[in-house]
Amino acid sequence: MTDPLEQILGRMQRQVQESLKAQSLGDQEDWAETALTEVSNLIEELKVAEEELRVQNEELHVERQRVEQERARYFDLFEFAPEAYLVTDLKGMILEANRAAGQLLNSQPLFLLKKPVSLFIHSEDSYRFKVYSDWKRPYEEFELRIIPRKSANPIDAAARISPVRDFSTQKPIAVRWVIRDTSERNRMFKNLQNSEERFRKLFMQAPTGMVQLGSQGEFQLVNPAFLRLSGYSQDELAEMKWVDLLPAHARSMFELVFKQAVSGRGTPRPMEQQFLSKEGRLVWSHINLSRLLSPLDGEKQKSVLLLVEDISMQKRLAAERVEMQRQMIEGIEVERTRLARDLHDRPLQDLYGVVYMLAGLSDRRDDPEDAKKLEELNKLVQGVIDSLRTTTSELRPPSLSHFGIAQGIRSYTNEVEKKYPQMDIHLALEGLDHRLPESTLMVIFRAYQEAINNVARHAEAGRVEVRLYVLDKRVVLEVADDGIGFAVPDNLIDLAADNHFGLIGMFERVNAAGGSLEILSDAESGTTLKVKIPLPE
């Protein structure tokens, strides 16, 4: 573009020449007036041109500052980049090098200039470098080994090279290198491979069943111990998911815990579940779930490790123990009934006969002293009878089998209140629409019997609240007092250490019936005991 000032000066020169020519031909005054007008116009145009030049200079100055800032920013990014940056010509001679490149190659960046980049590449990897004169792709990536200056130990590295193109022709004029030290990553990857190999060896040799599931619950890896336990082959399980082995009622619970394990939110709790073997046998197992993270194709793939312990034997032994305990308790109740019947049929009847005989002798005696002794003996025998009747009632409550658990509790409460008149017992006994087995009724009654006797003997309570109700398909007996509490151990079986054998017996009875026992106690607010027995299906 022609400078505006040059255009104006050229136009002035042409106008002066034309004016001189007009002067020789025309009137002097007309010429002078015309010349003054033209000069004024030219001066005005010069001012406009001067302003345009000033604006152009300012724009050029701003643009120059922006270019300088961009150059400085590029220099900072290049110079202080965490990765090694090099710029070479097309023959591999280093033109630029940043600080990271100097550190990687153990040289000052200025020393690297005009050195061939192949000088720092391992001889076995020299084929990686070649003259790139005709680039087909925007960049090339490859692994290579770098030999730093004054070092015989190669460094594993990853390189990414791309062409620097001429702005106008778009032909490559240089090569930009980005080199990343991968020795630490490769070392960690090798350690990971070794760890995975050790894990696989332990996995396959473990005596406990071990299963690796994918994020959708599919079988990925199974050890021989689980294959023996399940009866399936590796190929058969490869087409299945874990939930395919579970009974329908157990799937939702497992899926909930499995999702927690996959997400990594919290630690999944161990669980006991049954799964179906290939033969259709239900196998009881104790399962621990843990999340696994392993690198695969540069991404973290989520999987879950299952430790599957066969507890079928323990479950069978536990069931046999509960059954033996139930039979033992039933045997005790049968023996109590027999003993109560024997006490009633023989000793009590005999004692009643003794009372009648003593009454007859007392009527016949004329000696007042002998009559008094007979009267005292009569009272003593009557006390023994009352004691035996109480014992018989505790051994076998007569109203329980005939009128139900609520009437049995009321009857026993009346006896307790006669013996301990200072204790106020409030009963809230809901009618049970469910017909309970005799054994279950006896467990509830014995629990109440033991609880109310403990309150009477040890709690020094003034008020006792007794509730019997049904909640969530369970019969609940609740006994709460306002007396002196005691320290309840975390494990109820430890009550034996404090000589609470009555509570131990209650715990065993309730446990044998498939129920639970809960005791809450505080020195100031008293004790609350809850017995929960499941209703029959």
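Everything discussed here concerns the structure shown above.
Since the model is a prediction, treat every value here as computed from it, not as a measurement. (Residues numbered from 1 in each chain as written. Predicted model: local features only at pLDDT ≥ 70, side-chain atom pairs only at ≥ 80, totals over all residues. Heavy atoms only, no water.)

J.: A description of the overall build of the protein should follow, citing residues and the corresponding values.
T.: Across its full length, the protein holds 14 helices and 15 strands. Every one of the 537 residues in the protein was classed for burial, and the buried ones make up 33%. Considering only contacts in the protein between residues 6 or more positions apart, those separated by 24 or more positions represent 51%. Summing over all exposed atoms, the protein offers an accessible surface of approximately 34200 Å²; the carbon and sulfur share of this is 53%. (Helix = DSSP H or I, 4+ residues; strand = E, 2+ residues; numbered from the N terminus. Buried < 20%, exposed > 50% of the residue type's maximum accessible area, 1.4 Å probe, protein only. Contact = heavy atoms within 4.5 Å. Areas by Shrake-Rupley, 256 points an atom, 1.4 Å probe, with all protein chains shown as cover.)

J.: Could you give me a rundown of the pairing of strand 2 (residues 94-97), with the residues and numbers involved?
T.: Pairing of strand 1 (residues 84-88) with strand 2 involves three bridges; the strand directions are antiparallel. Opposite leucine 86, over in strand 2, you have alanine 97 as the bridge partner. Linking strand 1 back to strand 2 in an antiparallel pair, the connection comprises five residues, with glycine 92 at a positive phi of about 95°. (Pairing = 2+ DSSP bridges.)

J.: Lay out empty space enclosed by the protein with the relevant residues and their values.
T.: Overall, the coordinates contain one cavity of 30 Å³ or more when judged by the stated rule. In this structure, the largest cavity occupies an estimated 40 Å³ of space. For the largest cavity, the full set of lining residues is Leu86, Leu105, Val117, Phe120, Ile121, Leu144, Ile146, Trp177 and Ile179. Those elements giving two or more residues to the lining of the largest cavity turn out to be strand 3 (140-146) and strand 5 (172-181). Its residues assigned to classes, the lining of the largest cavity shows nine nonpolar, no polar and no charged. (1 Å grid on protein atoms, 1.4 Å probe; cavity = no way out; pocket = protein on both sides within 12 Å on 5 of 7 lines; lining within 4 Å. Points joined across faces, edges and corners; volume = space filled by probe spheres on them. Nonpolar A, V, L, I, M, F, W, Y, C, P; charged D, E, K, R; others polar.)

J.: With reference to specific residues and values, describe the sheet that holds strand 5.
T.: Spatial strand order, 2-1-5-4-3: five strands in an open sheet with antiparallel pairing. Only two strands of the sheet have a single partner each, and these edge strands are strand 2 and strand 3. Between one strand axis and the next, the sheet turns through 30° on average, direction left out of account. Where strand 3 and strand 4 (residues 155-165) come together, seven bridges link them in antiparallel fashion. Paired with leucine 144 across the strands is alanine 157, a residue of strand 4. (Axes fitted to C-alpha atoms, helices over the stretch in contact; angles between N-to-C directions.)

J.: Describe the sheet that holds strand 11 (residues 424-429), listing the residues and the values that go with them.
T.: Overall, mixed pairing links the five strands, which are arranged 11-12-13-15-14 in an open sheet. Pairing within the sheet leaves two strands with one partner each, and these edge strands are strand 11 and strand 14 (516-522). When strand polarity is set aside, the average angle formed by the axes of neighbouring strands in this sheet is 10°.

J.: I'd like to hear about helix 13 (residues 438-459), residue by residue, with values.
T.: With 22 residues, helix 13 ought to run about 32 Å at 1.5 Å a step, and its terminal C-alpha atoms sit 30 Å apart, in line with that. Burial within helix 13 is extensive, with 17 of its 22 residues counted as buried. (Expected span 1.5 Å × (residues − 1).)

J.: Summarise the side chain of threonine 413; cite the residues concerned and give the values.
T.: The topology assignment puts threonine 413 in helix 12 (residues 405-419). A polar contact of 2.6 Å, which involves the side chain of threonine 413, links it to the backbone oxygen of isoleucine 409. Contact partners of threonine 413, with chain neighbours within four places excluded, come to Ile425, Leu427 and Tyr448. (Polar contact = N/O pair within 3.5 Å; in protein donor to acceptor, adjacent residues only side chain to side chain.)

J.: Talk me through the packing of aromatic side chains; I want residue IDs and the actual numbers.
T.: Tallying each qualifying case throughout the model produces 10 aromatic pairs. Ring centres 5.6 Å apart and planes at 35° place the aromatic pair phenylalanine 226 and phenylalanine 275 in the tilted group. Note that phenylalanine 226 is positioned in helix 6 (residues 224-230) and phenylalanine 275 in strand 8 (residues 271-276), a separation of 49 residues in sequence. Across the pair, phenylalanine 275 and phenylalanine 226 agree in class, each one buried. Here phenylalanine 254 and phenylalanine 258 contribute two aromatic rings whose centre-to-centre distance is 5.7 Å and whose plane-to-plane angle is 20°, an arrangement assigned as stacked. (Phe/Tyr/Trp six-rings, centres within 6.5 Å; stacked < 30°, edge-to-face > 60°.)

J.: Please give an account of the environment of aspartate 244 that cites residues and values.
T.: Relative to the helices and strands, aspartate 244 is located in the loop between helix 7 (234-238) and helix 8 (248-263). Its relative accessible area of 42% is what places aspartate 244 among the partly exposed residues. The sequence separation of aspartate 244 and phenylalanine 275 amounts to 31 residues, and the corresponding C-alpha distance is 8.9 Å. Within polar-contact distance, the side chain of aspartate 244 engages the backbone nitrogen of lysine 241 at 2.8 Å.

J.: Requested: an account of the nonpolar core, with residues and values cited.
T.: If you look at the biggest cluster of nonpolar residues, it comprises 37 residues, and the most contacted ones within it are Tyr448, Leu477, Met506 and Val531. Secondary-structure elements contributing two or more residues to this core are helix 12, strand 11, helix 13, strand 12 (463-471), strand 13 (474-481), helix 14 (501-512), strand 14 and strand 15 (526-534). Looking at which element gives the most residues to this core, the answer is helix 13, with 11 residues. Setting aside chain neighbours within four positions, we find leucine 477 in contact with Ile409, Ile444, Ala447, Tyr448, Val466, Arg467, Leu468, Leu529, Lys530 and Val531. (Core = buried A, V, L, I, M, F, W, Y, C linked by side-chain atoms within 4.5 Å.)

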